[in-house]
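# Notes for the structure review
This is what each chain is made of:
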Amino acid sequence: RVRWYPEPADAATARVSVEVRDGAPPLAFAVEAPPRAELAAGELGTLRVALRNRGCAAWSSAFGDGLAYHWIDGDGRELVREGRRTPLPSVAPGERVELDAVIEGPPGPGSYALVLEPVREHVRWFGAPLEGEALVRVTATPAPLAWSLRAGAPPEQGHAGELLEVPLLLRNEGTETWSGASGDA
């Protein structure tokens, strides 16, 4: 519904020119990403990605625009919906930008799908790309420094300021050997 108002007294400063583009959604993109990648589970890494603004609205981190991702496991379950954000620079409609997306590896070793998707914070996700493949097949390797707690016996009683010894059994789940010489004691 449109409502018309009378012309303001100072019409020269009240006029705004608007360009209307036929068929272009406001927030749309094309993507170029590698089909496969390798990341360490739980570790930060980067992935080189190219995006083209296929919408009719400009992008900018000032608008809350960032490249995010979703992690999907081998059974098709979404493990991470809100992946880390890589801020997008100012990108006008039709322009292309290359960036190193900051990615936190999936929770454990294995095969995963990484789905790239820009987001305008507090507005909406951009959706599927108009061109290109947003899905990257990722092999997650064990993290270099990773561990799991196998057993522990909590103390029966403790007092404020008291130093207690708690026996723990840890398992090295990473790829690096633990060594007292390197400070792992």
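These figures come from a predicted structure and were not determined experimentally. Every residue gets a number counted from 1 within its own chain, in the order that chain's sequence is written. The predicted nature of this model means local features are confined to residues of pLDDT at least 70 and side-chain atom pairs, given and counted, to a pLDDT of 80 or more, with totals for whole chains, interfaces and linings taken over all residues. For the side-chain quantities, the full set of heavy atoms in the structure was used; hydrogens and water were omitted.

## Quick look at the packing of aromatic side chains
Aromatic rings from Phe, Tyr and Trp, taking only the six-membered ring of Trp, are treated as a pair when their centres fall within 6.5 Å; an angle between ring planes under 30 degrees marks them as stacked, one over 60 as edge-to-face, and anything in between as tilted. Applying the stated criterion across every chain yields a total of 4 aromatic pairs. With a centroid separation of 6.2 Å and an interplanar angle of 75 degrees, the aromatic rings of Tyr69 and Trp71 are classed as edge-to-face. In this structure, Tyr69 and Trp71 share a single accessibility class: buried. In textbook terms, an aromatic cluster arises when at least three aromatic residues are bridged by ring pairs, as seen for Phe29, Trp59 and Phe126. By definition, being over a ring means that NZ of Lys or CZ of Arg is both within 6 Å of the ring centre and within 35 degrees of the ring normal. Over the aromatic face of Trp125 sits the side chain of Arg81, whose NZ or CZ is 4.8 Å from the ring centroid. Buried means the residue's accessible area, taken with a 1.4 Å probe over protein chains only, is under 20% of the maximum for its type, while exposed means over 50%, and partly exposed covers the values in between.

## Overview of the sheet that holds strand β3 (residues 44–53)
Pairing within the open sheet is antiparallel, and its 3 strands lie in the order β1-β3-β7. Of all strands in the sheet, those bounded by a partner on one side alone are β1 (29–32) and β7 (96–104). Here the average twist between neighbouring strands, direction ignored, is 40 degrees. Two strands pair under a simple rule: DSSP has to find at least two bridges between them. We count a stretch as a helix when DSSP gives it H or I for four or more residues in a row; a strand needs E for two or more, and each element gets its number in order from the N terminus. Here β1 runs beside β3; their pairing, made up of 4 bridges, is antiparallel. What sits directly across from Glu32, in β3, is Ala50. For helices, the axis comes from a line fit to the C-alpha atoms of the stretch in contact; other axes are also lines fit to C-alpha atoms, and the angle between any two N-to-C directions lies between 0 and 180 degrees.

## Digging into the nonpolar core
Within the largest apolar cluster, 26 residues are counted, with the highest numbers of intra-cluster contacts made by Leu51, Ile103, Leu114 and Leu116. Top element by residues in this core is β7. It accounts for 4 residues. Throughout, a residue-residue contact means that at least one pair of heavy atoms, one from each residue, lies within 4.5 Å. Contact partners of Leu114, with chain neighbours within four places excluded, come to Leu47, Tyr69, His70, Trp71, Ile103, Ala134, Leu135, Val136 and Val138. Nonpolar cores are built from buried Ala, Val, Leu, Ile, Met, Phe, Trp, Tyr and Cys residues. Side-chain atoms within 4.5 Å join them into one set.

## A look at the environment of Leu116
Examined against the element boundaries, Leu116 turns out to sit in strand β8 (residues 110–120). Leu116 sits in the buried class, given a relative accessible area of 2%. A sequence separation of 48 residues divides Leu116 from Ala68, and the C-alpha atoms of the two residues are 6.1 Å apart. Non-local contacts of Leu116, meaning those with residues more than four positions away in its chain, are made with Phe29, Val31, Ala33, Leu47, Val49, Leu67, Ala68, Tyr69, Ile103, Ala134 and Val136.

## Some words on the pairing of strand β4 (residues 65–72)
Working note: regular strand, side chains alternate between the two faces of the sheet. Buried residues dominate β4, accounting for 8 of its 8 residues. Residue alternation in β4 divides its side chains into two sets, Asp65, Leu67, Tyr69 and Trp71 and Gly66, Ala68, His70 and Ile72, and both sets are buried. Pairing of β4 with β8, which is carried by 8 bridges, proceeds in the antiparallel orientation. Within β8, the position partnered with Tyr69 by the bridge is Leu116. Pairing geometry for β4 and strand β6 (residues 86–87), over 2 bridges, is antiparallel. Residue pairing for β6: Gly66 is matched across the bridge by Pro87. Two elements, β4 and strand β5 (residues 78–80), share 2 bridges in a ladder whose sense is antiparallel. In the strand pairing of β5, Trp71 is matched with Val80.

## A short note on the side chain of Ser60
Structurally, the position occupied by Ser60 is in the loop between β3 and β4. We classify Ser60 as buried; its relative accessible area is 9%.

## Topic: the pattern of salt bridges
We define a salt bridge as a side-chain nitrogen of Lys or Arg found within 4 Å of a carboxyl oxygen belonging to Asp or Glu. Following the criterion strictly, the structure yields 12 salt bridges and no others. Arg120 is the salt-bridge partner of Asp65, the closest N and O atoms lying 2.6 Å from each other. Residue Asp65 is located in strand β4, and its partner Arg120 is located in strand β8; the two are separated by 55 residues in the primary sequence. Residue Asp65 is classed as buried on the basis of its relative accessible area, which comes to 3%. Residue class for Arg120 comes out buried when judged on its relative accessible area of 14%. The shortest N-O distance in the salt bridge between Asp75 and Arg77 comes to 3.5 Å.

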